[in-house]
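A look at the structure
Single-letter residue listing:
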Amino acid sequence: MRLIQEAPDLSAYLAADEVVDHRHPLVRETAARLADRAMGSYDYARMAFEFVRDAIPHSQDSGDLRVTWRASDVLGRRTGICYAKAHALAALLRAGDVPTAFCYQNLGVVHGLVAVRLRGAWHRQDPRGNRPGIDAQFSLDGERLAFTPDAASNEMDHPVLYAAPHPVVLNALRAAPDRPHLWRTLPAAL
């Protein structure tokens, strides 16, 4: 699949905003801890990915009813669904000067992931969190995502790389008082 960069200027994929609040002290502190152990951008990106994938449980898997959407809240509360975990990973990566985009799959509902710009190309990564049957890994040599869309079921990868989270996704997160409500209102399409 050919990925389509929504914003022509890479600086858009390093920006901070209300969701990707990489200037927040908790995001900066977490990024600094990771950077202290990293040996370059690739190593930092891999470590940030593994931190979000493994240290922040997917709220559905853990049974956590809280809904998070702002990167600093995801890091502080240590919970989030795929979208929220993508927001946290994007904030950590952007804090480390790694251009990061938001991208999506339609799997009956919209699933969120990120793409990182390393070694001159975009590479999609899925920090959703592993469990039996899901083995997402950081990779620049072929995708190792949590899910593969089933074309026969009308599932698909969206090729657009967004500089900010898609408004449909963000609106669903912000409107949900808890995860059960969010599960009933997850977007089915972008």
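Residues numbered from 1 in each chain as written. Predicted model: local features only at pLDDT ≥ 70, side-chain atom pairs only at ≥ 80, totals over all residues. Heavy atoms only, no water.

1. Some details on the side chain of His123
Within the fold, His123 resides in strand E4 (residues 121-125). When neighbours within four sequence positions are excluded, His123 is seen to be in contact with Val114, Ala115, Val116, Leu118, Ser139 and Leu140. (Helix = DSSP H or I, 4+ residues; strand = E, 2+ residues; numbered from the N terminus. Contact = heavy atoms within 4.5 Å.)

2. Remarks on helix H1 (residues 25-37)
Its 13 residues place the ends of H1 19 Å apart at the C-alpha level, agreeing with the 18 Å of an ideal helix rising 1.5 Å per residue. Within H1 the residues assigned to the buried category are Val27, Thr30, Ala31 and Leu34. Buried residues along H1 cover an arc of 100 degrees about the axis, so they all sit on one side. Opposite the buried face of H1, at more than 90 degrees from it, the exposed residues are Pro25 and Asp36. (Expected span 1.5 Å × (residues − 1). Buried < 20%, exposed > 50% of the residue type's maximum accessible area, 1.4 Å probe, protein only. Arc of directions from axis to C-beta.)

3. Remarks on the pairing of strand E2 (residues 100-106)
The buried fraction of E2 amounts to seven of the seven residues, a majority that puts the element mostly inside the structure. Along E2, one buried face is formed by Thr100, Phe102, Tyr104 and Asn106 and the opposite face, lined by Ala101, Cys103 and Gln105, is buried too. Taken together, the seven bridges between E2 and strand E3 (residues 110-118) define a ladder with antiparallel strand orientation. Opposite Ala101, over in E3, you have Ala115 as the bridge partner. (Pairing = 2+ DSSP bridges.)

4. Overview of the sheet that holds E3
Taken in spatial order, the four strands line up as E4-E3-E2-E5 in an open sheet, and their pairing is antiparallel. The sheet terminates laterally at E4 and strand E5 (156-157), the two strands that pair on one side only. Sheet strands touched by helix H5 (residues 82-95): E2 and E3. Its angle to E3, the strand with the most contacts, is close to 15 degrees. (Axes fitted to C-alpha atoms, helices over the stretch in contact; angles between N-to-C directions.)

5. Some remarks on the environment of Pro25
By secondary structure assignment, the location of Pro25 is in helix H1. Residue classification places Pro25 among the exposed positions, given a relative accessible area of 60%.

6. A closer look at the environment of Arg70
Tracing the sequence through the fold places Arg70 in the loop between helix H3 (59-62) and helix H4 (71-77). The exposure class of Arg70 is partly exposed, given its relative accessible area of 22%. In contact with Arg70, not counting residues within four places along its chain, are Glu18, Val19 and Asp21.

7. Details of the pairing of E4
Buried residues dominate E4, accounting for four of its five residues. By the bridge criterion, five bridges tie E3 to E4 in an arrangement that is antiparallel. Following the sheet pairing, Arg117 is matched in E4 by Trp122. A loop of two residues connects E3 with E4, the two strands running antiparallel in sequence, and Arg119 in this loop sits at a positive phi of about 55 degrees.

8. A word on the state of the cysteines
With the rule as written, the count across this model stands at zero disulfides. Unpaired in this structure, Cys82 has its nearest cysteine sulfur neighbour in Cys103, at a distance of 11 Å. The exposure class of Cys103 is buried, given its relative accessible area of 0%. (Disulfide = S-S within 2.5 Å.)

9. Comments concerning H5
Because each turn of an α-helix spans 3.6 residues, side chains separated by three or four positions end up pointing in the same direction. An ideal rise of 1.5 Å per residue puts 20 Å on 14 residues; H5 measures up with 20 Å between its terminal C-alpha atoms. Most of H5 sits inside the fold, with 14 of its 14 residues counted as buried.

10. Focus: the packing of H1 against helix H2 (residues 41-55)
Contact geometry for H1 and H2: axes closest at 9 Å, N-to-C directions at 130 degrees. On the basis of the axis angle, H1 is oblique to H2. Remark: the crossing between H1 and H2 carries right-handed chirality. Residues Thr30, Ala31, Leu34, Ala35 and Arg37 of H1 form the contact with H2, whose participating residues are Asp43, Tyr44, Met47, Ala48 and Phe51. By residue class, the composition of the contact of H1 with H2 is seven nonpolar, one polar and two charged. (Parallel < 35°, antiparallel > 145°, perpendicular 65-115°, else oblique. Left-handed = near helix turned anticlockwise from the far one by under 90°. Nonpolar A, V, L, I, M, F, W, Y, C, P; charged D, E, K, R; others polar.)

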